[in-house]
Amino acid sequence: MKVRERMKALRQGLSPEEVALESRAVATRVLSLSEIHSAGAVCAYASVGKEVATAHIMSELLETGRVVAVPDWEGWKQGSGLQVARIYEPGDLEMENRVVPQPKLVSERTLSIDDIELFLVPGLAFDRSCHRIGMGGGYYDRLLSLSSPEATLIGLAYDFQVMSSLPVDGHDVPVHRVVTPSQVLSDQFHYKRRVHDHGNG
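This one's a predicted model, so the numbers in the text were calculated from it and none came from an experiment. (Residues numbered from 1 in each chain as written. Predicted model: local features only at pLDDT ≥ 70, side-chain atom pairs only at ≥ 80, totals over all residues. Heavy atoms only, no water.)

1. A look at the overall build of the chain
Now for step 1: Along the chain, the regular secondary structure elements total eight helices and 13 strands.
Now for step 2: The proportion of buried residues among the 201 residues of the chain is 48%.
Now for step 3: Contacts in the chain between residues at least 24 apart in sequence constitute 70% of all its contacts with a sequence separation of at least 6.
Now for step 4: Carbon together with sulfur atoms contributes 50% to the accessible area of the chain, which is approximately 9,800 Å² in total. (Helix = DSSP H or I, 4+ residues; strand = E, 2+ residues; numbered from the N terminus. Buried < 20%, exposed > 50% of the residue type's maximum accessible area, 1.4 Å probe, protein only. Contact = heavy atoms within 4.5 Å. Areas by Shrake-Rupley, 256 points an atom, 1.4 Å probe, with all protein chains shown as cover.)

Here you go:
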């Protein structure tokens, strides 16, 4: 079985109680990171299904006055370009007729992707060098390729989603850290390489 199919099956097998417990453990670790404390503007994914949940993280960041944004995938699909939009409360996300929750009032709340200091990134699998495999649509690879070279990229995962190595393509964007319920993995090599690549266009 291929990595994506296997990880989808394992994730789908989680109970709602396991998702809630594991997600809260990930949130605790994320909220303790120095990068989170220093970031004024954070782009988070709006979790759906049995992904590591981000609602608690977003609520905590909003309560401490941080700028929180969510990608506008619906607008991108409709040809308006890839954007992130600010939310002020969890109720600013809508799910009707959408695959994942989307921000409301996008045109009035659009932020520059370049101004986002930290991205919380979903994934089906990560490896110990912080490579990432997503659902296969390339959405987050595209978004992260547009981010500032100074931005911090943090993947959120369950422990079983971390593998020793992954088959990755040239367009796959690695993250700087992977946070699971039990550990925080870091890979400074990819951080330095990404800054170098951005600096050379």
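2. A closer look at the pattern of salt bridges
Now for step 1: All told, the structure shown has three salt bridges when counted by the stated rule.
Now for step 2: Between Arg-177 and Glu-35 there is a salt bridge, and its shortest N-O distance comes to 2.6 Å. Of this pair, Arg-177 sits in strand β12 (residues 177–179) while Glu-35 is found in helix α3 (residues 34–38), placing the two residues 142 residues apart along the sequence. Here Arg-177 matches Glu-35 in class, with each residue buried.
Now for step 3: The shortest N-O distance in the salt bridge between Arg-132 and Asp-141 comes to 3.9 Å. (Salt bridge = Lys/Arg side-chain N within 4 Å of Asp/Glu carboxyl O.)

3. Structural notes on the packing of aromatic side chains
Now for step 1: A complete count under the given rule lists one aromatic pair for this structure.
Now for step 2: Relative to Phe-160, the ring of Tyr-158 has its centre 5.6 Å away and its plane inclined at 10 degrees; by these criteria the two rings are stacked.
Now for step 3: Classification of Phe-160 by relative accessible area gives partly exposed; the value is 29%. (Phe/Tyr/Trp six-rings, centres within 6.5 Å; stacked < 30°, edge-to-face > 60°.)

4. Notes on the sheet that holds strand β13 (residues 184–186)
Now for step 1: Strand order across the open sheet formed by eight strands is β6-β3-β2-β1-β7-β10-β12-β13, with mixed pairing between neighbours. With partners counted over all chains shown, the strands left at the sheet margins are β6 (110–111) and β13, one partner each.
Now for step 2: Inspection of the sheet shows strand β1 (residues 41–43) paired to strand β7 (residues 118–121) by two bridges, in the parallel sense. Bridge pairing links Cys-43 to Phe-119 in β7.
Now for step 3: Its contacts with the sheet place helix α4 (residues 55–63) against β1, β2 (67–71), β3 (84–87), β7 and β10 (152–156), and it is angled at close to 145 degrees to β2. (Pairing = 2+ DSSP bridges. Axes fitted to C-alpha atoms, helices over the stretch in contact; angles between N-to-C directions.)

5. Thoughts on the side chain of Arg-132
Now for step 1: Within the element layout of this structure, Arg-132 appears in strand β9 (residues 132–133).
Now for step 2: Polar side-chain contacts of Arg-132 include one of 2.5 Å to the backbone oxygen of Pro-122. (Polar contact = N/O pair within 3.5 Å; in protein donor to acceptor, adjacent residues only side chain to side chain.)

These values are about where atoms sit, not about what they do.
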